[in-house]
Amino acid sequence: QGPFDPSVVRSLIAHGTLQGDTLLWCKDMGETWSPIKDLTDFEQDLKRAKENPKSAGDGKPLPPAATGWYYRDKYRAQKGPVNEAALGKLMETKELTGDSLVWKDGMKEWSAINTLPELATLALTSMLPEEARMKIKEEEEKLALSGGGAGAAATGAAATASEENAKEGEDEKAGQKRKRKKKKTKKWKKFENTPHVYVQGLPPDASLQEIHDHFKKAGLIVKLPSGEPKIKMYKDKSGKPKGDGLVSYMKVESVPLAIQFLHESEIRPGFKLTVQKAEFQQKGDKFIARKKTKTDIKFQKFAAQQALDWDEDGLREIKGFRIVILMYMFDPKEAGPEPEKFYHELKVEVGMEVEKQCGEIEKLTVFEHNPDGVIAVKFKSGASAAKCIEIMDGRFFGQRKIKCFYFDGKTNYKVEESEESRKKRDEEYQKWMMGEQDSKTKA
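Residues numbered from 1 in each chain as written. Predicted model: local features only at pLDDT ≥ 70, side-chain atom pairs only at ≥ 80, totals over all residues. Heavy atoms only, no water.

### Overview of the overall build of the chain
Now for step 1: A tally of regular secondary structure across the chain gives 13 helices and 18 strands.
Now for step 2: In the chain, which comprises 443 residues, the proportion classed as buried is 30%.
Now for step 3: Long-range pairs, those at least 24 residues apart, make up 59% of the contacts in the chain between residues at least 6 apart in sequence.
Now for step 4: For the chain, the accessible area works out to roughly 30900 Å², and carbon and sulfur atoms hold 52% of it. (Helix = DSSP H or I, 4+ residues; strand = E, 2+ residues; numbered from the N terminus. Buried < 20%, exposed > 50% of the residue type's maximum accessible area, 1.4 Å probe, protein only. Contact = heavy atoms within 4.5 Å. Areas by Shrake-Rupley, 256 points an atom, 1.4 Å probe, with all protein chains shown as cover.)

Right, dumping it as structure tokens:
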């Protein structure tokens, strides 16, 4: 790890993170690494650490009593004292996490932030998006300006108690209503304003990208987790496109614009389109509610934010999605007779390349034996995940074109290899090897 400033190295020695046998290197040392005990620059630091073992390692000594919080940073260096607001700021900037150790006068030992009830609100607030934190801050400022305090809190408590007494007699009725609601079956609900348009006259061989490029003139089109636009092409029983479809916009306001400017327009010479507001009807006699996963709802919200909001630098970013899928990264046939070695080397190679190009990785999973050559990467930040899709999607790796997109939260890419497929793989590998030998012999 490194490079580190000498002051940081001294701090790490003092806290026992670095020992006398730990190897160090700097550009003035040529190509040879040396143990710290052989470096005169840190001789006194090692001596002090040995003389005072309580200040090193996991002893975690308590600082002298003072007002405020002391904390240990990511290098285990002791810092402080600071107030709670400063601790919150350090957590927002990810300098500290819920597992970071803190101490203040009155505590017997160092403790993790997320184990202290008095800092629970601070830890939870730091996990919220910036917009939510700003909203909480505004509410607190409003409360302070309106004279909120002990008196206001007491008044609020009295009002709450009064309301509870007033509602006490209605509890039984409310419970009965809830029971009746549970018995009610879900019914079809017709929405008047939806962000969808129904299109007729499409070329049978039209691609989603071609349709997207034509209809984006009226507004932003919804993007699916796979990265493709939300456009549905209706097909007949044989699976051939019928020439009509559905285009889903991000905002309802795009629908009248699409009708006004794209109705009777030509997507290609000779293909005039009919564009109208989409109307949905119930299929069959019974309504079956469509199930949406939490990930579907989450992605829809973040995709809307990505498309409609801009940050200070003018770059759009989905902050809540950190897992991406890399498809067609390998062919299971290449694993050969030593699949463990092959997949390990692949994991190391891909991990180093992706981290170098996109950002810090938390976890990388190679789905062994997957016929589509799938690798999942979990990044530390949403910005790194977005950058990975931008760089890797469409790129070639080992003569294969990669497909890169956000994980949808539900697809299982794990594949168990059967004994039969293992034998088949070995046979194919042997044939491939024989083919290589033949080509070398002819050469």
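Still more ground to cover, so stick around.
### Comments concerning the nonpolar core
Now for step 1: Within the largest apolar cluster, 25 residues are counted, with the highest numbers of intra-cluster contacts made by Val324, Leu326, Val354, Ile375, Val377, Phe379 and Cys388.
Now for step 2: Listed by contribution, the elements that provide at least two residues to this core are strand 13 (323-327), helix 11 (339-357), strand 14 (361-366), strand 15 (375-379), helix 12 (382-392) and strand 18 (403-406).
Now for step 3: Tallying contributions element by element places helix 11 first for this core, with five residues.
Now for step 4: Contact partners of Val377, with chain neighbours within four places excluded, come to Arg322, Ile323, Val324, Leu326, Val354, Ile361, Lys363 and Leu364. (Core = buried A, V, L, I, M, F, W, Y, C linked by side-chain atoms within 4.5 Å.)

### Examining the environment of Arg322
Now for step 1: Examined against the element boundaries, Arg322 turns out to sit in the loop between helix 10 (294-308) and strand 13.
Now for step 2: Exposure remark for Arg322: the relative accessible area of 25% places this residue in the partly exposed category.
Now for step 3: Residues Arg322 and Tyr406, 84 residues apart in the sequence, show an inter-C-alpha distance of 7.9 Å.
Now for step 4: Not counting chain neighbours up to four residues away, the residues in contact with Arg322 comprise Glu362, Val377, Lys378, Phe379, Lys380, Ser381, Gly382 and Ala385.
Now for step 5: A polar side-chain atom of Arg322 sits 3.2 Å from a polar atom in the side chain of Glu362. (Polar contact = N/O pair within 3.5 Å; in protein donor to acceptor, adjacent residues only side chain to side chain.)

### Focus: the packing of aromatic side chains
In this description, an aromatic ring pair is defined by two values, namely the gap between the centres and the angle between the planes.
Now for step 1: Under the defined criterion, the tally for this structure stands at seven aromatic pairs.
Now for step 2: Relative to Trp103, the ring of Tyr70 lies with its centre 5.9 Å away and its plane at 50°, an arrangement referred to as tilted. One end of the pair, Tyr70, is in strand 3 (residues 69-72); the other, Trp103, is in strand 5 (residues 101-103), and 33 residues separate them in sequence. We note that Tyr70, like Trp103, is buried.
Now for step 3: Taking 5.5 Å as the distance between ring centres and 80° as the angle between the ring planes, the aromatic pair formed by Phe330 and Tyr343 counts as edge-to-face. Taken together, the residues Phe330 in the loop between strand 13 and helix 11 and Tyr343 in helix 11 connect sequence positions 13 residues apart.
Now for step 4: Given a relative accessible area of 2%, Tyr343 falls into the buried group.
Now for step 5: Following the ring pairs from residue to residue traces out a cluster consisting of Phe330, Phe342 and Tyr343.
Now for step 6: Above the plane of the ring of Trp110 lies Arg72, whose end atom (NZ or CZ) is 4.5 Å from the centre. (Phe/Tyr/Trp six-rings, centres within 6.5 Å; stacked < 30°, edge-to-face > 60°. Lys NZ or Arg CZ within 6 Å of the ring centre and 35° of its normal.)

### Things to note about the sheet that holds strand 8 (residues 231-235)
Now for step 1: The four strands are arranged 8-9-7-12 in an open sheet whose pairing can be described as antiparallel. Across the chains shown, the open sheet's two edge strands, defined by having one partner strand only, are strand 8 and strand 12 (274-277). Direction aside, neighbouring strands of the sheet carry axes that sit 25° apart on average.
Now for step 2: The strands touched by helix 8 (residues 208-215) are strand 7 (196-200), strand 8, strand 9 (241-248) and strand 12; relative to strand 8, the strand with the most contacts, the crossing angle is about 125°.
Now for step 3: Seen against the sheet, helix 9 (residues 254-262) touches strand 7 and strand 12 and runs at an angle of roughly 155° to strand 12. (Pairing = 2+ DSSP bridges. Axes fitted to C-alpha atoms, helices over the stretch in contact; angles between N-to-C directions.)

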